[in-house]
Amino acid sequence: PSASTSPSVKSAGAVAFTDGPEHFVDDVLLRSALEYTAHIGALAILPAQTSPLARNAVLHEGDVATRLGLAPWPAASEAIAAVRSIEMARLPGCRVHLGLLSCARTVDSLRRARGEGVAVSAAVSPWHVLFDETIHLKHPYDATFRLSPPLRSSADREQLLAALMDGTLVVSSDHRPVSPVFKELEFALSEPGALSLQSALPAVASLLLELATSDEEKARVPGILAHAFARGPAAILGLPDCGHLHEGATGDV
């Protein structure tokens, strides 16, 4: 859209702009898009994967993918895309939100950028803090666990969980229902995705309570959940009247 029409789109209620999971191949086009969103004070949501490296990939690149004979999905696909997006986010007035993160290296890049004052945020799916790649050895070739991005190593999961608990990451349900027609196939041919809207909150809540080793840690869980599922996402989207139950706020949390 032209600069003259963009403000009307935002004033009509659009608070964020994205091309979904599609990766911007052209850096010039991406920069132009981000300049438009910065101009109108909107958020740009970018995917955290590079298509070329993730093409035909199935499982996290590592021992599990090798043992199961499935095409590897390198963590570099995410690390490279994240650094590129973060550098673009340094444009004046730009705000960027990275789509689902899955690896520790990306979390490290995110932390450094935020520490430098870059307006960048990111989310993680509930499944990437609940499971790691070893679930594929317990349930080999079970397409229920085929996700995009894939489940990563235990070290990656630990870093994602730590970032969720300290407020660096928020949770996105990544709710992607897939018809049995496209799910009940050979693993590599199945469609990635899983139901999660109904189970994301209770699943993550159960995990955090299970990991809590003291009453003090258990007492912190509701606040962590409120930030991860409500206040944090509302703040990222620039919706100050949402995500909380203060008097006069919008009822949608």
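First things first, this report covers the structure right here in the doc. (Residues numbered from 1 in each chain as written. Predicted model: local features only at pLDDT ≥ 70, side-chain atom pairs only at ≥ 80, totals over all residues. Heavy atoms only, no water.)

1. Thoughts on the pattern of salt bridges
- Applying the stated criterion across every chain, the model contains six salt bridges.
- Between D27 and R84 there is a salt bridge whose closest N-O contact spans 2.5 Å. Here D27, found in helix α2 (residues 27-39), pairs with R84, found in helix α5 (residues 76-88); they are 57 residues apart in sequence, far enough to count as distant.
- A relative accessible area of 18% places R84 in the buried class.
- The residue D174 makes a salt bridge to R176 at a minimum N-O spacing of 2.7 Å.
- Take D174: its relative accessible area is 10%, and that puts it in the buried class.
- Note on R176: relative accessible area 30%, which makes it partly exposed. (Salt bridge = Lys/Arg side-chain N within 4 Å of Asp/Glu carboxyl O. Helix = DSSP H or I, 4+ residues; strand = E, 2+ residues; numbered from the N terminus. Buried < 20%, exposed > 50% of the residue type's maximum accessible area, 1.4 Å probe, protein only.)

2. Topic: the sheet that holds strand β6 (residues 120-124)
- As summarised here, the arrangement of the five strands in space is β1-β2-β5-β6-β7, forming an open sheet in which the pairing is parallel. Edge strands, defined here as strands with exactly one partner in the open sheet, are β1 (16-18) and β7 (170-171).
- By the bridge criterion, three bridges tie strand β2 (residues 43-46) to strand β5 (residues 96-98) in an arrangement that is parallel. Looking at β5, one finds that I45 is bridged to H97. (Pairing = 2+ DSSP bridges.)

3. A short note on the nonpolar core
- Counting residues in hydrophobic clusters, the biggest one holds 45 residues, and the most contacted among them are L34, V96, L101, V120, V129 and L169.
- With residues near it in sequence (within four places) discarded, V96 still touches L34, L43, A44, L46, S85, A89, A119, V120 and S121.
- In terms of nonpolar packing, the next biggest core, distinct from the first, is built from eight residues, V58, L59, V64 and L70 among them. (Core = buried A, V, L, I, M, F, W, Y, C linked by side-chain atoms within 4.5 Å. Contact = heavy atoms within 4.5 Å.)

4. Focus on helix α11 (residues 200-211)
- Here α11 spans 17 Å end to end across twelve residues, near enough to the 16 Å set by a 1.5 Å rise per residue.
- Looking only at α11, the buried set comprises A200, V204, A205, L207 and L208. Seen along its axis, α11 keeps its buried residues to an arc of 160 degrees; they face one direction.
- If you follow the buried residues of α11, they end up packed against α7 (126-130), α9 (154-165) and α12 (215-236). (Expected span 1.5 Å × (residues − 1). Arc of directions from axis to C-beta.)

5. With respect to unusual backbone geometry
- Cis geometry marks the peptide bond from S148 to P149; its omega dihedral reads 0 degrees.
- With respect to the secondary-structure elements, P149 resides in the loop between α8 (135-138) and α9.
- The backbone phi angle of N56 is positive, close to 65 degrees, even though this residue is not glycine.
- You can call N56 exposed: its relative accessible area is 67%.

6. Here's the deal with the pairing of β6
- Among the five residues in β6, five count as buried, and that is most of the element.
- Taken together, the three bridges between β5 and β6 define a ladder with parallel strand orientation. Bridged to H97 within β6 is S121.
- Between the parallel pair β5 and β6, the chain is carried across by helix α6 (residues 104-115), and the sense of this crossover is right-handed.
- The pairing of β6 with β7 spans two bridges and is parallel. By the bridge assignment for β7, A123 is matched with V170. (Right-handed = clockwise from strand over helix to strand, strands pointing away.)

7. Some remarks on the pairing of β2
- Sheet analysis places β1 next to β2, joined by three bridges and oriented parallel. Bridge assignment links T18 to a residue of β2, and that residue is I45.
- This β-α-β element, β1 to α2 to β2, shows right-handed connectivity.

8. Let's talk about the side chain of Q49
- Tracing the backbone through its elements, the reader meets Q49 in the loop between β2 and α3 (51-54).
- Among the residues examined, Q49 registers a relative accessible area of 12% and is labelled buried.
- A polar contact is formed between the side chain of Q49 and the side chain of E78, at a distance of 2.9 Å.
- Those residues in contact with Q49 that lie beyond four places of it in its chain are H23, W73, S77, E78, A81, L100, S102, P149 and R152. (Polar contact = N/O pair within 3.5 Å; in protein donor to acceptor, adjacent residues only side chain to side chain.)

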